[in-house]
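Residue-level structure breakdown
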There are 2 protein chains.
Amino acid sequence: MSDYTKGAAYIDGSYMPLSEAKIPVTHWGYRRSDVTYDVVGVWDGAFFRLDDHLARFRASMERMRMVPKESDDEIRAIVHRTVALSGLTRSYVAMDCLRAAPPPGAPRQPSQAPSYIMVMAMPWAWVAPPEVQERGVRLMIPTVRRIPATSVDPRGKNFHWGDLTAGQFEAEEAGADFAVLLDHDGNVTEGAGFNVFCVTDGRVATPARGTLEGVTQKSVMELCEEMGLPLEVRDISAEEFREADEIFLSTTAGGIMPASRIDGRMLGNDSPGPVSLALKARFWEKRAEGWHATPVDYAAAEASAAA
Amino acid sequence: MSDYTKGAAYIDGSYMPLSEAKIPVTHWGYRRSDVTYDVVGVWDGAFFRLDDHLARFRASMERMRMVPKESDDEIRAIVHRTVALSGLTRSYVAMDCLRAAPPPGAPRQPSQAPSYIMVMAMPWAWVAPPEVQERGVRLMIPTVRRIPATSVDPRGKNFHWGDLTAGQFEAEEAGADFAVLLDHDGNVTEGAGFNVFCVTDGRVATPARGTLEGVTQKSVMELCEEMGLPLEVRDISAEEFREADEIFLSTTAGGIMPASRIDGRMLGNDSPGPVSLALKARFWEKRAEGWHATPVDYAAAEASAAA
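Conventions we followed
- Residues numbered from 1 in each chain as written.
- Chains lettered and ligands numbered in written order.
- Predicted model: local features only at pLDDT ≥ 70, side-chain atom pairs only at ≥ 80, totals over all residues.
- Helix = DSSP H or I, 4+ residues; strand = E, 2+ residues; numbered from the N terminus.
- Rg over C-alpha atoms; globule rule 2.2 N^0.38 Å.
- Buried ≥ 20, exposed ≤ 12 C-beta atoms within 10 Å, placed from the backbone.
- Contact = placed C-beta atoms within 7 Å.
- Pairing = 2+ DSSP bridges.
- Axes fitted to C-alpha atoms, helices over the stretch in contact; angles between N-to-C directions.
- Parallel < 35°, antiparallel > 145°, perpendicular 65-115°, else oblique.
- Left-handed = near helix turned anticlockwise from the far one by under 90°.
- Right-handed = clockwise from strand over helix to strand, strands pointing away.
- Domains from an automatic or database assignment.
- Nonpolar A, V, L, I, M, F, W, Y, C, P; charged D, E, K, R; others polar.
- Expected span 1.5 Å × (residues − 1).
- Least-squares fit on C-alpha atoms with pLDDT ≥ 70 in both.

Let us now look at the overall build of chain A. Helix and strand content of chain A: nine helices and 17 strands. At 20 Å, chain A has a C-alpha radius of gyration in line with the 19 Å of a compact globule built from 307 residues. When burial is assessed residue by residue, chain A has 53% of its 307 residues classed as buried. Considering only residue pairs separated by 6 or more positions, chain A has 69% of its internal contacts joining residues 24 or more positions apart.

Right, here's the structure in full:
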């Protein structure tokens, strides 16, 4: 038996330990970053909003004109089996759809290249370590600007992270945990795998455009409604963002992460603010109650082994 | 013995047939497109401008703050050995430097992730088939705009091709061979792996910014000087480009490729123009004479097999 304890993967019809999951260097998924993906979390044996992630994944594939052979129902079954094979009860689960390569006679025709699915389940890893989340994440606004939607549509979740990675280098140099990038109009967009919110005078705001339509971001919007917090989806300038009472991030692999600093300025008492903390507490409370939860079908591992 | 006839590769210390060259799905080189690369051509047993490509590759790595273990001399030797193992006398040779993954404790810190080198030599494939080059490539200007340098620096050769691939889809729909993207100011930049030139009233022009500093582009500039053709490196508007007397592309895997149409408008007699053809002829004439050529050290294959 292979060792699946450090993670499991599926690539175009085959299951394998994560350590064996590799992409040919000639495939456009690597060589042109011609790939879209989604990430769903498994917490205490259950997926969070699995159907939302599957729907967004399909929408991303359609934006990128990718048609893998698997249907949504098949992808759902593959995701269950992959997590089941890993045996993980807390897992970061990625599903990618990538283009292979077109035939030699059509070297620049993406329509001639088939697409295929990769799914991987790995042990849960926080975007920020728990102690950093506790003290509040430290943010900064880098000089690099987010790739505009007129070049690459951020609603199709993609690996064009050159700007986000350059921003993370700037953040490291500034002693911050995360960079939050501006668009070319000077409005706040997003960071390396997370959406952002700010709170001013009790009103919660999140950017209206230039970002991924985050599933955890959507969950925050639902929580705001439930908790009676006014929510605004609109442009947020760098100035407003820097002067906000509170800031927090939302992401699958972190939930709601309050900030304690922005560009060196302390927010509140250099610690997470009350609205952020209330939303975070309610988020995990509801998660424990089974909010949007789909239990992993761990029996699927047997079906897979037999297949 | 493994079969190297379809190509050979080197990954971080090991040589292998190209079909076995793969990247772990967890590495940022794939997962964040955190990779830079260069491509050098081998024609009739000799590299073209190998040192120029090695120097640009190192400059790209430095821009992306990547420090692989190999020196430039070692990369040069690896490139020779990889081609020698393939036995190919006409080959497309790519060298990549990609980041692996940071340790679990630093999930968003690129500085904590090591970088490594991949080199591959595959059979030569034209960017456009010979018969298409003969009739002249058909170009179009798509709606998608080139990723701006303020987001991702195009001088660090990268796989952020989402815009170029979307442009190629638009080109296919329009019945064109290649898309040439504009920047957000409406000036011409580049296309999927090539630089562009236009000729108006005998004056040759190429974009001043927002593009890769192409090695074949540089060769064209040298030819212009030798042939006494006035050359201008400056902004070129979409309007000027569409109204040019001639247009041609430059790329490692195509040399100089004259165009015969732009956005449906025929250039000249729907065929390559005289200045473009003269440059192309002189380019291949000089190549045959050994211009900037470095013979492949095919004996290096033995050294590698013995190692």
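Now, onward.
Residue and element names in this part refer to chain A. Spatially, β2-β1-β7-β6-β4-β5-β17 is the arrangement adopted by the seven strands of the open sheet, whose pairing is antiparallel. Every interior strand has two partners, whereas the edge strands, β2 (14-17) and β17 (293-295), have only one. Averaged over neighbouring strand pairs, the angle between their axes works out to 25° when direction is ignored. Two elements, strand β5 (residues 46-48) and β17, share three bridges in a ladder whose sense is antiparallel. By the bridge assignment for β17, F47 is matched with T294. Those strands touched by helix α2 (residues 50-63) are β4 (35-43), β5, β6 (91-99) and β17, and its axis lies near 175° from that of β4.

All names here are of chain A. Following both chains from N to C, one finds α2 and helix α3 (residues 72-86) inclined at 125°, their axes separated by 11 Å at the closest point. Here α3 runs oblique to α2, going by the angle between their axes. With respect to the hand of their crossing, α2 and α3 are arranged in right-handed fashion. Listed contacts from α3 to L50, L54 and R58 of α2 are D72, I75 and R76.

Attention shifts here to the sheet that holds strand β17 (residues 293-295) of chain B. Residue and element names in this part refer to chain B. One open sheet accounts for seven strands, arranged β2-β1-β7-β6-β4-β5-β17; its pairing is antiparallel. Two strands close off the open sheet at either side, each with one partner strand: β2 (14-17) and β17. For this sheet, the mean inter-axis angle between neighbouring strands, taken without regard to orientation, is 25°. By the bridge criterion, four bridges tie strand β1 (residues 8-11) to strand β7 (residues 115-123) in an arrangement that is antiparallel. Across the sheet, residue A9 finds its bridge partner in β7, namely M120.

Another point: the pairing of strand β12 (residues 203-206) of chain B. Residue and element names in this part refer to chain B. Looking at chain direction, strand β11 (residues 194-200) and β12 are connected through three bridges and run antiparallel. Directly across from V199, in β12, lies its bridge partner V204. Counting the residues in the hairpin turn of β11 and β12 gives two residues, including D201, whose phi is positive at 50°. Alignment of β12 against strand β13 (residues 231-233), held across three bridges, turns out to be parallel. Paired with V204 across the bridge in β13 is L231. One crossover worth recording links β12 to the parallel β13 by way of helix α6 (residues 215-227), and it is right-handed.

A separate point is the domain arrangement of chain A. Put simply, an interface is often sized by how much accessible area is lost when its parts join up. Residue and element names in this part refer to chain A. The domains assigned to chain A are domain 1 (8-125) and domain 2 (130-272). Centre-to-centre separation of domain 1 and domain 2, based on C-alpha positions: 26 Å. Counting residues at the interface gives 17 residues for domain 1 and ten residues for domain 2. Looking at the side of domain 1 that touches domain 2, the elements that each hand over two or more residues are β4 and α2. Take the side of domain 1 that touches domain 2: its biggest share by element is seven residues, from β4. Broken down by class, the residue content of the side of domain 1 that touches domain 2 amounts to seven nonpolar, five polar and five charged.

With that settled, consider helix α5 (residues 162-173) of chain B. Residues and elements named next belong to chain B. End to end, α5 covers 17 Å across twelve residues, agreeing with the expected 16 Å (1.5 Å per residue, within 8%). Taken together, the buried positions of α5 are G162, D163, L164, T165, A166, G167, Q168 and A171. The inward-facing, buried residues of α5 contact β8 (137-140), β9 (178-182) and β10 (188-191). One or two steps after α5, the chain reaches G175, where phi turns positive at roughly 75°.

With that settled, consider α6 of chain B. Across its 13 residues, α6 of chain B extends 18 Å between first and last C-alpha, which sits within 8% of the 18 Å expected from 1.5 Å per residue. Of the residues trailing α6 of chain B, G228 of chain B is marked for its positive phi of about 70°.

Turning to the interface of chain B and chain A, a few remarks are in order. If you look at the interface, chain B gives 45 residues, while chain A gives 45 residues. Of all the elements in the fold, those that place two or more residues in the side of chain B that touches chain A are β3 (22-24), α1 (28-31), β7 and α5 of chain B. For the side of chain B that touches chain A, the element with the most residues is α5 of chain B, which contributes six residues. Here the side of chain B that touches chain A is built from residues that sort into 23 nonpolar, twelve polar and ten charged. When strand β3 (residues 22-24) of chain A meets β3 of chain B, the two strands line up antiparallel, connected through three bridges. The residue of β3 of chain B that forms the bridge with K22 of chain A is P24 of chain B.

On to the relation of the copies chain B and chain A, then. You can overlay chain B on chain A at an RMSD of 0.0 Å; the transform is a turn of 180° with a shift of 0.0 Å along its axis. In short, the pair behaves as if placed about a two-fold rotation axis. When the interface residues of chain B are mapped onto chain A, 100% of them are again interface residues, pointing to one common binding face.

All right, on to the environment of W43 of chain B then. All names here are of chain B. Assignment of secondary structure puts W43 in strand β4 (residues 35-43). Taking C-alpha positions, W43 is 32 Å from A149, a pair spaced 106 residues apart along the chain. When sequence neighbours within four positions are dropped, the list of residues in contact with W43 reads F48, R90 and R287.

What follows covers the environment of E240 of chain B. If you trace the backbone, E240 of chain B turns up in helix α7 (residues 238-242). Taking the C-alpha atoms as reference, E240 of chain B lies 28 Å from W284 of chain B; in sequence the two are 44 residues apart.

Further remarks concern the pairing of strand β9 (residues 178-182) of chain A. Residue and element names in this part refer to chain A. Burial of β9 is extensive: five of the five residues sit out of reach of the surface. Of the two faces of β9, the one carrying F178, V180 and L182 and the one carrying A179 and L181 are both buried. Crossover strand β8 (residues 137-140) to β9 through helix α5 (residues 162-173) is right-handed. Across two bridges, β9 lies against strand β10 (residues 188-191) in antiparallel orientation. Following the sheet pairing, L182 is matched in β10 by V188. Counted along the chain from β9 to the antiparallel partner β10, the turn is five residues long, and its residue G186 has a positive phi close to 90°.

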